[in-house]
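So you can see what is in the structure, the chains are spelled out below.
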Amino acid sequence: MITGSAVELLPLVFARPQEALARARELLGSAPGPHDASVAHQVIGIWERDFGDLRAGLGHLNRARRLARESGSAEREADVLATLGLGYVHAGRTGASIQALTRACELATGATLPRVLFRRAYVMWVLGRHQEGLEDLRRAIPLLRRGEDTIWLARALTLRGTLYLALGSVERARADFDGAEALWDTTGQEHDKAIAVVNRGVAAFRSGDLPAALHHLEQAERTLAELGTPSYVVDLWRCDVLLTAGLARDALREADAGAERMDRLGGPASRRAELVLTAARAALAFGDHATAIDRAEAAARAFTAQRRPWWAAHARLTLATARHATPRPEAPTTPTTAPHAEAPPSPTTTGHLEAPASREATVHSEEPGSPEPAPHPQEPASREPVRHPRPDDPAALAQEAAAVAARLQELGSPDAPRAWLLAGRTAAAAGRTGEAGAHLARAARARHRGPAYARVDGWLAQALLAGMAGREAGVLAACRRGLDLLDEHRMTLGAAELRAGVGAQGAELATLAQRVVGDHPRRLLAWSERWRASALSVPPARPPEDPLLMRDLTAFREISGRVEEARSAGKAVPQLQREQHRLERAIRDRLLALGAEGGRAARPGPGGLAREVLRELGPRRLAEIVVIDGRLRVLLCGGGRVRAYPAGTLTGAAAEAAHANAALRRLAYGAPAAGLERAARRLEAELLGEAAAHLGSAPLVLVPPGHLHDVPWALLPSLRERVLSVSPSAAAWLRAARIPPPDGPVVLVRGPGLGGGGAEVPVLAGRYGAATVLENGQATAQEVLKRIDGSSLAHIAAHGSFRADSPMFSSLHLDDGPLTVHDVERLSRAPYRIILSSCDSGRMEPVGGEELLGLSAALLPLGTAGIVASTVPVHDEAVVPLMLALHDGLRAGLGTAEALRDARAALPDDPLHRATGLSFSAIGAA
């Protein structure tokens, strides 16, 4: 028998891990007999295996096995052997793991047998041998129920739910997770309880509820931190959720950070291989094909060496997808930031790859570990070869993709339909139309089951199948159904960042439809609008009055202010920067976990949007720039008609826009910018093409694609003297045009550190009379938000910072620190008109497909009808006369676009003031 002091240690290691470790070491220091010493070494081995160094853990477990033999207890030896089997499988020593568990099953009797069966089932799950794992649990669970072994029964139910998830049975998995969680509530197993919360997050993820998944993962991460144990398994799942949400760069950053921690701390090679695969999928999602191929090959080699065919097949799927997405050497390439500029990308390049459905934190957190050890020398090489077809060999790619799809089908993977979709694409590229049709038909069967984001791929396959058969009506019907599903999925997401990210999955559906209707301007407008800026059609869920969130936002402002002060003084403050990054992630995690508040965007039927836009335009004109296969086409709306004109290319327009913006920046900093006029003419030719000659003289609304929103539109010769406004979509302009002006106050804000001192603010205060003025320490984030909520006009003179890496943390610098986009989303109603006289305040980052994130993008769905902001740095002093003239026009009753046009004309005729005027745009309709 195990002594009373030792018997508590094994369950304690997953209740209070640090306490269990300390007590085990204390027990060893008291010179125990072999039985109790075996328990102590087993506890230390489990702790090291899961929370420390895997190699050290295996050393302790082997000592525990030797001591168990010395004790003469077959039950003790069986229990240690089962624990050792888990350690071996995570070290990549599959043969040794199976051998240890087989021997443990032979030795075990009584209450030990179901516990050993459970651990063998766990190993089968890691190896992807799911049916064998379910068979072991079929034997173990009744024995655990009869023995009233609550802790191990809860673990077994959790593991069975995990296996069901791997096989795509989400409801059965959820039932098991609920049952396990009810059992955990009767125990003191705090670590296991945290893992139960992880499981709830995973079940939510598999059913498509991304906010709930992120909420549960965040909750589990906090609990694990309180227990003092790392949360690598949470990191792995969080990467998958971010990737599915279209936030691929974030997923890659998370995966890289996890790998760095693993290399530093040591841990299971099995988990490290999974993390490498996640990184490969993230790199693929934003178009870094070389990195994706490199990491997918590394993951495939690791899984093959570990004899994990399930995982090896998923790695091969990612590898084949990356090779298919890699442009052939002779093909022209387009920027990876503009997926719609290429031939239709694979949906797996858009950030919506579903994770291989077998990862789960079951009994305890299995942490990603150190660089994988070499396979055990006694283990034969896997029969799963890692194939390397070249991207320029379509036939070999088609053969490999079909083999991967068949293998995933055989393994029962929920990713099999996605693999068949890839097989169909590669076969079509190789000219094997018969094979392509058969593969696409298999993929299309998935359109009626699974979460919305997975069914979208089924409708994509159906659209491609209809296109091969020349059925244009079938293509449009499938595209419509797929985009409807994507809208349903988007409306379950509360965070604007998540809503924007999922738009990428609709890129190819929209492109397919646009190709079909390309010769019909009205229908092309309807399909362009069908998916453009949909995330802006409904306001994001308002952040809750969460004390922890408010605390973190306040702390973030304070820390950010101190970081900026230190930078200005030329000091390095790494500790403050680390705290700033920690707070940024905490805020983001809480807001990403928001669910939707309900509501749905009002969407006109096909053709209806064109009628409504034409009616609302009156004498004005609207030019929407559409991208199809990298070519620009201008849809000119007005006078009751929609006409289409060819223009340049997306890559050409982006390059010319970059040159023009660079020239404006040079002028803002007092440097010469020769050739600006030539750049303006080239930019106009690329963007507007033949449409420039047909614009007339009426006020114009421009609707550019997401990747061209930072164009200095007023620089274009045909637009320079025109009343011009810009909008993310025609539908967004239509909504803004119909917002009634409120009878709210005028608010003037002057932030700190402005080169010109925000000199326009006191002048404007005198002109407006009753305006609310916030300056000289009163312009704090909370006060500014309170005052501008529901205002008719807000003017904010404050430095701006745009964060391309995290647009929701773009900010205006106020007296107590940055006012971020996350803060702005807390407004009940944004100002009807808002003037942002600072640098970069009008910049928006394209995310997903045609979605946009940034300060202006946040204001539009919250009720702002008109914005004036810059897309490049501007000279603080030169801004003052422009702003004063702009407000003169607004006070005279002009709209923002007309007032801005007149304000430019009133500026001094020198390069600096001209550049300042051209740097600002009117956004919206008021």
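A short tour of the structure in this document, coming up. Per-chain numbering applies: the sequence of each chain, read as written, is numbered from 1 onward. Where totals are concerned, whole chains, interfaces and linings use all residues; where local detail is concerned, this predicted model gives features only for residues with pLDDT of at least 70, and gives and counts side-chain atom pairs only at 80 or more. Side-chain figures throughout are based on the complete set of non-hydrogen atoms in the structure, without hydrogens or water.

**Comments concerning the sheet that holds strand β11 (residues 817-820)**
With antiparallel pairing, three strands are arranged side by side in an open sheet as β9-β10-β11. Edge positions in the open sheet fall to β9 (800-801) and β11, since each of these has one partner strand only. For two strands to count as paired, DSSP must find a minimum of two bridges between them. Only DSSP runs of H or I reaching four residues or more are called helices, and only runs of E reaching two or more are called strands; each is numbered from the N terminus. Sheet analysis places β9 next to strand β10 (residues 811-814), joined by two bridges and oriented antiparallel. Residue pairing across strands places G800 opposite L812, the latter belonging to β10.

**Some points on the side chain of T896**
Secondary-structure assignment places T896 in helix α38 (residues 896-905). Each residue gets one of three labels from its accessible area relative to the maximum for its type: buried under 20%, exposed over 50%, partly exposed in between, using a 1.4 Å probe on protein chains only. We classify T896 as buried; its relative accessible area is 3%. We define a polar contact as two N or O atoms separated by no more than 3.5 Å, with the added condition that, inside protein, one atom must be a possible hydrogen donor and the other a possible acceptor, whereas residues neighbouring each other in sequence contribute only through side-chain atom pairs. Among the polar contacts made by the side chain of T896, one reaches the main-chain carbonyl oxygen of A926 at a distance of 2.5 Å. Whether two residues touch is decided by their heavy atoms; if any such pair falls within 4.5 Å, the residues are in contact. With residues up to four places along the chain from it excluded, the contact list for T896 reads R833, G866, V868, L886, L890, A922 and A926.

**As for helix α20 (residues 416-429)**
Any helix carries an expected span of 1.5 Å times its number of residues minus one. The first and last C-alpha atoms of α20 sit 20 Å apart over 14 residues, in line with the 20 Å expected at 1.5 Å per residue. With 12 of 14 residues buried, α20 lies mostly within the body of the structure. Listing the buried residues of α20 in full gives A416, P417, R418, A419, W420, L421, L422, A423, G424, R425, T426 and A427. Following α20 by one or two positions, G431 adopts a phi angle in the positive range, close to 80°.

**Quick word on the nonpolar core**
The biggest cluster of nonpolar side chains holds 71 residues, and the ones touching the most others in it are F303, C479 and L622. In terms of residue count, the dominant contributor to this core is helix α22 (residues 452-468) (eight residues). Those residues within four positions of F303 in sequence are excluded, and the remaining contacts are S270, A273, E274, L277, R308, W311, A312 and A315. Definition used in this section: a nonpolar core is a set of buried Ala, Val, Leu, Ile, Met, Phe, Trp, Tyr and Cys residues joined via side-chain atoms within 4.5 Å. Counting residues in each nonpolar core, the second largest holds 61 residues, with A121, L153, L157 and A213 among its members.

**A word on unusual backbone geometry**
If you check the backbone angles, A31 has positive phi at about 55° while not being a glycine. Tracing the backbone shows A31 in the loop between α3 (17-28) and α4 (34-51). When its relative accessible area of 68% is taken as the criterion, A31 is described as exposed. Although it is not a glycine, R307 adopts a positive phi angle of roughly 55°. Position of R307 among the secondary structure elements: in the loop between α17 (289-305) and α18 (309-325). A relative accessible area of 26% means that R307 is categorised as partly exposed.

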